[in-house]
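Descriptive structure summary
The lines below spell out each chain.
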Amino acid sequence: GLMAGDSSAMIRRVTVDLPAAVFGMVTTTVIVGKLLELTDALSAAVLSNSDQQAVHFLSGFGVTVNNASQGFAAVVVGLVAVIAGLIVWVELMIRSVLVYILVALSPLSFAAMVWPSARGVLRRTIELLLAVIVSKLVICIAIAVGVAALSGAGTAAPAGASVPDEAAASMGTLFVGTAILAMAAFAPFLVL
């Protein structure tokens, strides 16, 4: 501010931006903690009925696999569902690490807000932190929808349907549920 001859901007940075940066540094961990608690509670509420649907899927999966014409395809799609679940699990672990890293780097971002040309760093850090926090809820919603779709695989066909129709319906619901679970792996990117 002195070199540019803009003393009012310098005073504004010292009296407004600097206290705001310190306030942000102090309150970040509290706010992030509350957001994580809220996200965990909402995620638990979304997944509250998924365990029964997962058991229903696993019990009905044998019906789809035992069908001679659809068995191999069902095993392959089921394997893709397991791999998608593994990717989501790894993604949730990386999410936890990212929350810690972003909270640890947030004081630097708040300090950079005093410098006008570096103000974008704080905005990007906050956007990324919010996306990482909310991504768990989006992943849980995708898992709940995927498990609900998978729970229809291998169930009995409606009255009057033939066995091939039942196998095709089971294979279709298995494919849809697996695709939804695979989409959960891309949830953080969609949120960001």
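For the structure itself, look to the data block above.
1. Concerning the environment of Tyr 100
- Assignment of secondary structure puts Tyr 100 in helix H3 (residues 71–112).
- Sequence separation of Tyr 100 and Thr 29 is 71 residues, and the distance between their C-alpha atoms is 9.7 Å.

2. Observations concerning a nonpolar patch on the surface
- Side chains of Leu 86, Trp 89, Val 90, Met 93, Ile 94 and Leu 98 sit close together on the surface and give an oily, nonpolar patch of about 550 Å² of accessible area.
- You can call Leu 86 partly exposed: its relative accessible area is 48%.

3. A look at the pattern of salt bridges
- Inspection of the entire model under this criterion finds three salt bridges.
- When the shortest N-O distance is used, the salt bridge between Lys 136 and Asp 40 registers 2.7 Å. Here Lys 136 is found in helix H4 (residues 119–150), whereas its partner Asp 40 is found in helix H1 (residues 7–46), with 96 residues between them in sequence.
- For Arg 123, the salt bridge goes to Glu 127, with nearest N and O atoms at 2.6 Å. With Arg 123 and Glu 127 both in helix H4 and four residues apart, the pair spans about one turn of that helix.
- Each of Arg 123, Arg 124 and Glu 127 takes part in one network of salt bridges that share partners.

Here is what the cut-offs are and how they apply
Residues numbered from 1 in each chain as written. Predicted model: local features only at pLDDT ≥ 70, side-chain atom pairs only at ≥ 80, totals over all residues. Heavy atoms only, no water. Helix = DSSP H or I, 4+ residues; strand = E, 2+ residues; numbered from the N terminus. Patch = residues over 30% accessible without salt bridge, like charges linked within 9 Å, V, L, I, M, F, W, Y side chains within 5 Å. Areas by Shrake-Rupley, 256 points an atom, 1.4 Å probe, with all protein chains shown as cover. Salt bridge = Lys/Arg side-chain N within 4 Å of Asp/Glu carboxyl O. Buried < 20%, exposed > 50% of the residue type's maximum accessible area, 1.4 Å probe, protein only.

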